[in-house]
Structure formats: C-alpha cells, structure tokens
Amino acid sequence: MQYGGDYNPEQWSEETWVEDARLMREAGVTLVTVNVFSWSVIQPAEGVFEWEWLDRVLENMHANGIDVDLATGTASPPPWLTEQYPGVLPQDENGVNLWPGSRQHYSPTSPDYRRLAATLVSALVERYARHPAVSMWHVNNELGCHVAYDYSDNARAAFAEWLEQKYTTIKALNTAWNTAFWSQRYTSFAQIIPPRKTPSFPNPGLVLDFKRFSSDALLDLFVMERDIVRASGATQPITTNLMGAFPGADYWSWAEEMDVVSNDAYPDPNDPEAFRSMAFSSDVMRGLKPDRPWLLMEQATNAVQWRPTNARKQPGVMSAWSMQSVSRGADGILFFQWRQSRAGAEKFHSAMLPHSGEKSRVFREISALGADLKVLPQMGTGSRARVGIVFDWDCLWAVEGPAMPVTLDYHAIVQRWHAALHRQHIGVDIVSARSDLSSYALVIAPLLYLVTDESAANLSNYVENGGHLLVSAFTDVVDETNTFRAGGYLQALGAVFGVAVEEYDALVLPGTGGPGYREASFTVDGTSIRGEYMVDELHPETAEVVAVFSDGPIKGSPALTANGFGSGVGYYIATIPDDAGMTSILAWAAERAGVGPELTGLPEVVEVSRRDEHLLLINHGSEAVSLIIPADASEAGKKEERLELSFQGWTWLHRP
Ligand code: GAL
C-alpha cells in the first residue's frame, strides 16, 4: 500500500527539504511524485539541462526510504520554449491562442512540442532510469485536463491524417458524414477543418470523429513518452494520472496502453452525495484494468481553490474517502500536494502539510491515515461484482453532439444509475459494451445511443446466454458513424428487447420552465416512477409490457417492457427515471436477476463495499449510527453484532 503525494520542492529552500523528509516519515509517506512541473527548472534553454537539483531531490528521498514516482515533466512548457516556438500553443474553437502563463499550453499534435518533449524525456530517462529511488514513471500530467480539444492548424493537419487513415478515401468519409447535406462534400482530406466556430450546427459526424481523434492525439503523446521511457531500459511501471470518467478521452483504449491505472479525484465536499461520485470514479478505475490494483494519485486533503466555493473536508472525510478508494481496489493513496504553496495559483489549495504546519488538524489526520494504511488486512485485487454498468465514450460524444432532440449529460446520467445501486448497497463494476460480460447477472447500459455492430453483438450474446440487460430511452439509435441504420431506430438490438421504437419526444428539462410535459409516470410493483428528459414511443413485438405511462405525452404507451431472449431477458425503460425511479427499477431488476445487497438493513448514507473477503463500512451521514450486522457465516456459532459508526467512521469486517 503506497502513501504520499505530489512533491514540488522547487518551491522551497533545501533546509525545508530536510524538514519535508522528517515529516514525511512521521506521516508514513512511502511514495512521492516529483518533477511534474519542473521543466523550466531542469531545462533553462534548448540543449541545456541542469540536473543537480533533481539529483539532490531524489537522493534526499532515497536516503529517507521514500520512493519516487518520477514525472516526465512535459506538462508545462517553459517560457523560452513558447517564445522560440509560438506554434506550439493550442487554439480554442475561435482559432484564438491559449497563451502561456499558467500550464498545459501546448498543442498535443505540435511537431515542435512533441520533439522538445521527446528530447526532455530522453535526457531524463538516460539519467534516472536505474536510479534506486525511482519506483514508477509518471507521464505528463492529467493529459487533456485543460485542453481536451485543440483547434489549431497542428490539429487540423493531424486530424486530416487521422481521417485519411480511418476512411482511406474521401468518398468513404463523405458517405459516413452524409456530406451531401448542406453542401459539405469534400474533395480532399486537406479541406477538412476541426469543428471551429461555425454559423450553425457543425456536421455531427465531423464532431464525433474530432472527439475520437482528440482522444487518440492525447493518447499518442502518452505512448510516445512511454516508449522513450521503456526504450531506455527502465523496468518500473509507467502510468499517467487519469481523471475519473473524464469526457475528453476514451479511457478504455488508454488503459490498454498503461501498466498501472491511476486516478485524480476531487469531489466537492459541499455536495452531500460527493462520496457517491468518489465511489463512481473509483469504480471506473477498477473497471479500466479489471483484476489489477490502481492508484489514487491525487486528491485534496482539505479544500481546493478552483471552485466558486471551496469547502473544506470536515474532520474524518479525507480518511473515509481514502479508505473507500482502498475498498474499491486502490493500492495507493496520494494527494496533491505534500506542502502547501506560499504563492501561485494554488496557494489556497490544501496539502498534506498545510501552512499551519505539523500541529494542524490536517497533518494529524494525514499521519493517522498513514498509520491506518500500514495495518490494513492483506487484500487481493478485488473480486468482480454481479452487476455491471456500461460506460461508453462514443455514446457520450454522440449523445452530447450537436442538434439532438434533448440536451443530455451522459456522464451525470450514468453516474446517477451507479448511485442508485450504491444507495442500495449493491456492488457494481463499470464495464465497456465490448467487455466480456458473462460473469454479470445484470448489466445496465444507460443511454446506449450509439451502438457499433461489435457492441450490439456482444450485448445480444450476453442476453442470449442468460444475462439480464436493462436499457433506458434513446438506446441503439445510431451506428458507429452517427447514422441511423436502415429501418430507423433500435435496429441492432431490436430482437433483444422485442419492441420497435416509432418516435422520440422531449420533455421539459428538469429544473427549467416552459410549457410542455415535464414528466411521464408509470407504476412498477405498486411504486410510482417519474420519467424525465424524454419518452420513446414503443410498440411491443415479442416483449411483455410491464408498465404503461399513466400521464405525459404518450399516456397509455409502454413505459417498461421485458423480453425473453435466448436464456436471458432484455428490459427497456421508455424514459429516463428520476433518482427515486432508478432506485426502484434497479431493486426490481436486481431481484429478478437474483442479485442482492452486500448487507441488508443499512441506511442509505452507510456505504458498504467489498474487496475480496473484506467488507468496508463507512458512515457518510452527519450523525453517528448504530447498526446490527449479521454474523460471519463462515464462523459457526457466532451471533449478529452491534456496530457503532461515528460521523465519517469506517470499519473493515471479514466476510468471505
Ligand atoms: C489537478 C492537477 C494538480 C493540481 C490539482 C489541484 O488537476 O493535476 O497539479 O493542480 O489538480 O486540485
């Protein structure tokens, strides 16, 4: 179990480094990430490297028994670089430069940036590949965090090349994007421009491919640096810090290229449901490389500084959320950053060692957590859950594309389905529509708007072999090119659900005004469920109608259907339920699939998560709770036990 954080000693005198090492040892720190933003310190000019400073940092850590996750340092190009090569700057959709003065001001496809970054990484690994302090490599930092989409001429050239590789002929691209419409037919790849600001809606096919390209362009940077590190003979694992279900990059393809998945997670402590978003983010990480541990590379010890309101983490929250990550598969808990900055953009951002020093609440909590992590029970990498939720970046990009029937936030909606299981203490894995789903009793594929032939075959196969697949409105609408399949909607998965979709209708968006229907309700097993955002007009073919809409624009039309397909069942919900509705439908579907909670009778604010034979219970509520926990079935004669959990209190139970 690793413990530590980003360490930016370039901000401090070397006397302070001595104190840093002492306090790190006191807090139980085992691993620090160094050199993330040190490019201007180690390379003052092109062709000039000054390593002595970094040598001493690594020596200091090594002498104190602390390992280093050595960053390649490419995240923030120094001022000399952008002065000499202004063409490395990225551009926004108006074609305006994003200027130096903060960080991440590079175009991922700029040949100059790539060359200079590659030179830096080569020099770095040549010097440190075999350094005994270095236990891991950290490529760049949060690739795409500030600039997920670059619209510069670098991007234009690289996008054209990417498209040519994908489509081979311009004719194939014209067909895929239906450029016959609005006079958009191209006669060469060179004519294609990234989706910069246009008078009206840009072509949705172009927008979708640009998002795929942008994810690939960032990944290509990771791969370039990773290959340089590997080619140097370095044997340590190589990672880069991901950002949960970050909308700008298809992490399914990224994870394949990474040795270890690592995550940065900053849920808002002001949000009473933040612990559920944290759980979702962790489950995404575990899903990316199933059966392998991941690292929580960054989180805040207390407040951040980048929201309009930056609440602190109440006492205990930091520890509870950290333990939650361990229970969801993390083998390391790290923070941004070790020592709080005295100036600069993050001077109000919390750290492991705050301005108030070692006598502070935060440092006491940090030291206590370091000690708790040392005495954790021995744990494996975690077993698979019985329920899977599909997260699909192609769907996210397509569903949030231009000119749609209704504005939908894919990430938020998928996360709400996850929360609905979390509230019921049912364990869940995040999966891809292409994953092997055979171990899951129930799979939920929310807003599966875009379905490739490959995903459709995988999902059909899953149901045919006994799986229960639950989908909601707006499923299987378009193919991989964002085009309706011949015949209309639900053409790839129609047989699985045994219904035909005739029309979609948009409801007034939740939280907004205006005339029109706001909701569409239906009742399942005596519980009334409210649908929002949209309704699909379904016609049952082989499916059984479980419920019909009792109000809304298509009153009387099927709201929930169930269809036996092979030895499994396909469920179609013809709307997007609100939170309570998601919870009720999942309780109903889980029961039909034979899935139950990890423990019964727990309040919603008490979380339970399983890692192999260990269950973690956390009380996220604002008051202490007293729980009755059933006995461990493996220990004969043992009775149920009473468990008191204070606010943010947590405890591990052995439950094979
Ligand atoms: C992350 C970043 C860190 C730090 C942190 C502050 O996005 O990787 O360098 O800025 O946010 O919350």
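Residues numbered from 1 in each chain as written. Predicted model: local features only at pLDDT ≥ 70, side-chain atom pairs only at ≥ 80, totals over all residues. Heavy atoms only, no water.

**Some thoughts on the packing of helix α3 (residues 52-63) against helix α5 (residues 111-128)**
Packed helices, taken two at a time, are described by the angle between their axes plus the distance between the axes.
Turning to step 1, where the next piece is worked out: It is the contact of α3 with α5, at a shortest axis distance of 12 Å, that shows an interaxial angle of 45°. As summarised for this structure, α3 and α5 are arranged oblique, according to the angle between their axes. Two packed elements cross with a definite hand, and for α3 against α5 that hand is right-handed. Note on element contacts: α5 touches α3 through Leu124, Arg127 and Tyr128, opposite Leu54, Asp55 and Leu58.
Turning to step 2, where the next piece is worked out: Its residues assigned to classes, the contact of α3 with α5 shows four nonpolar, no polar and two charged. (Axes fitted to C-alpha atoms, helices over the stretch in contact; angles between N-to-C directions. Helix = DSSP H or I, 4+ residues; strand = E, 2+ residues; numbered from the N terminus. Parallel < 35°, antiparallel > 145°, perpendicular 65-115°, else oblique. Left-handed = near helix turned anticlockwise from the far one by under 90°. Contact = heavy atoms within 4.5 Å. Nonpolar A, V, L, I, M, F, W, Y, C, P; charged D, E, K, R; others polar.)

**Let's talk about helix α11 (residues 317-327)**
Turning to step 1, where the next piece is worked out: With 11 of 11 residues buried, α11 lies mostly within the body of the structure.
Turning to step 2, where the next piece is worked out: For α11, the complete set of buried residues consists of Val317, Met318, Ser319, Ala320, Trp321, Ser322, Met323, Gln324, Ser325, Val326 and Ser327.
Turning to step 3, where the next piece is worked out: Gly329, located one to two residues past α11, shows a positive phi value of around 110°. (Buried < 20%, exposed > 50% of the residue type's maximum accessible area, 1.4 Å probe, protein only.)

**Things to note about the site of the ligand**
Turning to step 1, where the next piece is worked out: Near the ligand the following residues occur: Phe37, Arg103, Asn141, Glu142, Asp264, Tyr266, Glu298, Trp306, Phe336, Glu346 and His349.
Turning to step 2, where the next piece is worked out: The separation between an oxygen atom of the ligand and a polar side-chain atom of Arg103 is 2.9 Å.
Turning to step 3, where the next piece is worked out: In isolation the ligand exposes 310 Å². Once the protein is present, 95% of that is buried.
Turning to step 4, where the next piece is worked out: Looking at the shell around the ligand residue by residue, the class counts come to four nonpolar, two polar and five charged. (Near = heavy atom within 4 Å. Polar contact = N/O pair within 3.5 Å; in protein donor to acceptor, adjacent residues only side chain to side chain. Areas by Shrake-Rupley, 256 points an atom, 1.4 Å probe, with all protein chains shown as cover.)

**Here's the deal with helix α1 (residues 14-27)**
Turning to step 1, where the next piece is worked out: Compared with an ideal rise of 1.5 Å per residue, which puts 14 residues at 20 Å, α1 spans 20 Å between its outermost C-alpha atoms and is within 8% of the ideal.
Turning to step 2, where the next piece is worked out: All of the buried residues in α1 are Thr16, Trp17, Asp20, Ala21, Leu23, Met24 and Ala27.
Turning to step 3, where the next piece is worked out: Where α1 is buried, its residues touch β1 (2-7), β2 (31-34), α3 and α12 (361-374). (Expected span 1.5 Å × (residues − 1).)

**Examining the nonpolar core**
Turning to step 1, where the next piece is worked out: Core analysis: the largest hydrophobic core is formed by 182 residues, its most contacted members being Leu54, Leu70, Trp137, Leu408, Leu469, Phe474 and Phe522.
Turning to step 2, where the next piece is worked out: Per element, the largest residue contribution to this core is 10 residues, and it comes from α5.
Turning to step 3, where the next piece is worked out: In this view, Phe522 contacts Thr527, Ser528, Ile529, Ala547, Val548, Phe549, Ser550, Ala559, Leu560, Ile573, Thr575 and Ile585; residues no more than four positions away in its chain are not counted.
Turning to step 4, where the next piece is worked out: Membership of the second largest hydrophobic core comes to 20 residues, among which are Ala160, Leu163, Leu206 and Ala217. (Core = buried A, V, L, I, M, F, W, Y, C linked by side-chain atoms within 4.5 Å.)

**Overview of the layout of surface pockets**
Turning to step 1, where the next piece is worked out: Taken as a whole, the second largest pocket encloses approximately 560 Å³ of empty space.
Turning to step 2, where the next piece is worked out: Lining the second largest pocket are 26 residues, and of these Pro204, Pro402, Ala403, Asn482 and Phe484 sit closest to its centre.
Turning to step 3, where the next piece is worked out: At the level of secondary structure, the elements contributing two or more residues to the lining of the second largest pocket comprise α7 (170-177) and α8 (204-231).
Turning to step 4, where the next piece is worked out: Class assignment of the residues belonging to the lining of the second largest pocket gives a composition of 19 nonpolar, seven polar and no charged. (1 Å grid on protein atoms, 1.4 Å probe; cavity = no way out; pocket = protein on both sides within 12 Å on 5 of 7 lines; lining within 4 Å. Points joined across faces, edges and corners; volume = space filled by probe spheres on them.)

**Concerning the sheet that holds strand β19 (residues 568-573)**
Turning to step 1, where the next piece is worked out: What the seven strands build is an open sheet, ordered β11-β10-β12-β13-β19-β18-β17; its pairing is mixed. The open sheet is flanked by β11 (428-431) and β17 (544-548), the only strands paired with a single partner. Neighbour to neighbour, the strand axes of the sheet diverge by 20° on average, direction disregarded.
Turning to step 2, where the next piece is worked out: Looking at chain direction, β17 and strand β18 (residues 558-565) are connected through four bridges and run antiparallel. Bridge pairing in β18 links Val548 to Pro558. (Pairing = 2+ DSSP bridges.)

**Let's talk about the packing of aromatic side chains**
Turning to step 1, where the next piece is worked out: The tally for this structure, following the rule as stated, stands at 30 aromatic pairs.
Turning to step 2, where the next piece is worked out: Ring geometry for Tyr449 against Phe474: centres 4.9 Å apart, planes inclined by 45°, an arrangement best described as tilted. Linking Tyr449 in the loop between β12 (442-445) and α15 (453-464) with Phe474 in the loop between β13 (468-471) and α16 (494-497), this pair joins segments that are 25 residues apart in sequence.
Turning to step 3, where the next piece is worked out: A relative accessible area of 2% means that Phe474 is categorised as buried.
Turning to step 4, where the next piece is worked out: Through a chain of ring-to-ring contacts, three or more aromatic side chains come together here, namely Phe246, Tyr251, Trp252, Trp254, Phe280, Phe391, Trp393 and Tyr410.
Turning to step 5, where the next piece is worked out: The aromatic ring of Trp12 is capped on one face by Arg339, whose charged end is 5.2 Å from the ring centroid. (Phe/Tyr/Trp six-rings, centres within 6.5 Å; stacked < 30°, edge-to-face > 60°. Lys NZ or Arg CZ within 6 Å of the ring centre and 35° of its normal.)

**Section: the domain arrangement of the protein chain**
Turning to step 1, where the next piece is worked out: On domain assignment, one finds that the protein chain holds domain 1 (2-147 + 214-374), domain 2 (387-593) and domain 3 (606-654).
Turning to step 2, where the next piece is worked out: Placing a centre on the C-alpha atoms of domain 1 and another on those of domain 2 gives a separation of 37 Å.
Turning to step 3, where the next piece is worked out: Listed per partner, the contact involves 21 residues of domain 1 and 17 residues of domain 2.
Turning to step 4, where the next piece is worked out: Between domain 1 and domain 2 lies a buried interface of about 1,600 Å² when both sides are counted; carbon and sulfur atoms form 62% of it.
Turning to step 5, where the next piece is worked out: The largest contributions to the domain 1 side of the interface with domain 2 come from Trp252, Arg276 and Phe280, which together make up 44% of the buried area.
Turning to step 6, where the next piece is worked out: Across the domain 1-domain 2 interface, the total number found is two salt bridges.
Turning to step 7, where the next piece is worked out: With its nearest N and O atoms 3.9 Å apart, the salt bridge here joins Arg423 to Glu273.
Turning to step 8, where the next piece is worked out: Between domain 1 and domain 2 we count 10 residue pairs in polar contact (both at pLDDT 80 or more) in total.
Turning to step 9, where the next piece is worked out: A per-class count over the side of domain 1 that touches domain 2 returns 10 nonpolar, five polar and six charged. (Domains from an automatic or database assignment. Buried area = accessible area lost by both parts, 1.4 Å probe. Salt bridge = Lys/Arg side-chain N within 4 Å of Asp/Glu carboxyl O.)

**Description of empty space enclosed by the protein**
Turning to step 1, where the next piece is worked out: For the structure shown, the criterion picks out four cavities of 30 Å³ or more.
Turning to step 2, where the next piece is worked out: Approximately 70 Å³ is the volume found for the largest cavity.
Turning to step 3, where the next piece is worked out: Among the elements that take part in the lining of the largest cavity, α8 stands out by supplying five residues, more than any other.
Turning to step 4, where the next piece is worked out: Class assignment for the residues of the lining of the largest cavity results in nine nonpolar, two polar and one charged.
Turning to step 5, where the next piece is worked out: If you go around the second largest cavity, the residues you meet are Asp283, Arg328, His418, Leu421, His422, His425, Ile426, Gly427, Val428 and Val608.
Turning to step 6, where the next piece is worked out: Here the lining of the second largest cavity is composed, by residue class, of four nonpolar, four polar and two charged.

**A few points about the side chain of Asp476**
Turning to step 1, where the next piece is worked out: Counting through the fold element by element, Asp476 comes out in the loop between β13 and α16.
Turning to step 2, where the next piece is worked out: A residue is classified by how much of its surface remains accessible, and Asp476, at 1% relative accessible area, is buried.
Turning to step 3, where the next piece is worked out: At a separation of 2.8 Å, a polar atom in the side chain of Asp476 contacts the main-chain amide nitrogen of Ala492.

**Considerations on the sheet that holds strand β25 (residues 650-654)**
Turning to step 1, where the next piece is worked out: Across the sheet, which stays open at both edges, the three strands sit in the order β21-β22-β25 with antiparallel pairing between neighbours. Unpaired on one side and paired on the other, β21 (606-611) and β25 mark the two borders of the sheet. The average angle at which neighbouring strand axes cross in this sheet is 20°, direction not considered.
Turning to step 2, where the next piece is worked out: One ladder, built from six bridges, connects β21 with strand β22 (residues 614-619); its direction is antiparallel. Residue pairing for β22: Val608 is matched across the bridge by Leu617.

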